[in-house]
Amino acid sequence: MLNPDSKLVYNALRSLVGDDDVYKIIEADEVLEKLPADKQFTKVQLSAIVRDLKDREYIGVKYFTPDEYCLLTYKRFDDATAQPVVVAPSKPATKKEKAERVPYAAQAEQPEKQAKPVKKGTVFFMAFLGALLGSAVVAAIAIVIARFVL
């Protein structure tokens, strides 16, 4: 969420640059002219706000100096400007569905199902088979290279 000053600068940048995903060069004076008369910033304050917008990924900046900016604006939607989502009411739950629902606190108290432990011999055997299969693949590739390339 942006503060009001950043929103003003962002809206001014969007009106100057547009939404065509092309970097454009604008001067700081152009941005300052777009701002309302009661909200005037210095070029240093404007640079700080542009840097903040860049860090929050509202704008993309190739370069900027205190007097000139090469940037583009991204299409971002804040929570305040987003349309409220209307959720359609769902059908009422049946008795079976109600019985299966368990509150989170009750789930935490229930013991979790333990996985069956794996024996040490099984782990060693699987690791050995993996190493054997890997070395066989490498040997086959080496034979093909030696036979046809060299």
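Preceding this paragraph is the structure being described.
Rules used in this analysis
- Residues numbered from 1 in each chain as written.
- Predicted model: local features only at pLDDT ≥ 70, side-chain atom pairs only at ≥ 80, totals over all residues.
- Heavy atoms only, no water.
- Pairing = 2+ DSSP bridges.
- Helix = DSSP H or I, 4+ residues; strand = E, 2+ residues; numbered from the N terminus.
- Axes fitted to C-alpha atoms, helices over the stretch in contact; angles between N-to-C directions.
- Contact = heavy atoms within 4.5 Å.
- Salt bridge = Lys/Arg side-chain N within 4 Å of Asp/Glu carboxyl O.
- Buried < 20%, exposed > 50% of the residue type's maximum accessible area, 1.4 Å probe, protein only.
- Polar contact = N/O pair within 3.5 Å; in protein donor to acceptor, adjacent residues only side chain to side chain.
- Core = buried A, V, L, I, M, F, W, Y, C linked by side-chain atoms within 4.5 Å.

## Some details on the sheet that holds strand β1 (residues 24-27)
Taken in spatial order, the 3 strands make up an open sheet running β1-β3-β2, and their pairing is antiparallel. A single partner strand is all that each edge strand has here, and the edge strands are β1 and β2 (59-64). Each strand axis lies, on average, 35° off the axis of its neighbour in the sheet, ignoring direction. Inspection of the sheet shows β2 paired to strand β3 (residues 68-73) by 5 bridges, in the antiparallel sense. Residue Tyr-63 lies in a different strand from β3, and its bridge partner there is Cys-70. Contacts from helix α1 (residues 4-17) reach β1, β2 and β3, with the element oriented near 85° to β3. Contacts between helix α3 (residues 43-55) and the sheet are confined to β2 and β3, with β2 contributing the most and set at about 130° to the helix.

## A look at the pattern of salt bridges
Enumeration according to the criterion identifies 4 salt bridges in this entry. Taking the shortest distance from any N to any O, the salt bridge between Asp-5 and Lys-39 comes out at 3.3 Å. You can see Asp-5 sitting in helix α1 and its partner Lys-39 sitting in the loop between α2 (28-34) and α3, a full 34 residues away along the chain. According to the relative accessible area criterion, Asp-5 is partly exposed, its value standing at 25%. In this structure, Asp-52 and Arg-56 form a salt bridge, with 3.3 Å as the shortest nitrogen-oxygen distance. Among the residues examined, Arg-56 registers a relative accessible area of 36% and is labelled partly exposed. The network of salt bridges with common partners includes Asp-29, Lys-43 and Asp-67.

## Topic: the side chain of Ser-47
In this fold, Ser-47 is placed in helix α3. For Ser-47, a relative accessible area of 10% puts it in the buried group. In this structure the side chain of Ser-47 is engaged in a polar contact, spanning 3.3 Å, whose partner is the side chain of Tyr-69. Excluding residues within four positions of it along the chain, Ser-47 makes contact with Phe-64, Thr-65, Pro-66 and Tyr-69.

## Focus: unusual backbone geometry
Its identity is not glycine, yet Glu-57 carries a phi of approximately 60°, on the positive side. Within the secondary structure, Glu-57 sits in the loop between α3 and β2.

## Regarding the nonpolar core
Among the nonpolar cores identified, the biggest contains 21 residues, and Val-9, Leu-13, Leu-53, Ile-59 and Leu-71 are the most heavily contacted of them. Elements supplying a minimum of two residues to this core: α1, α2, α3, β2 and β3. In contact with Val-9, not counting residues within four places along its chain, are Val-31, Leu-35, Phe-41, Leu-46, Ile-49 and Leu-53.

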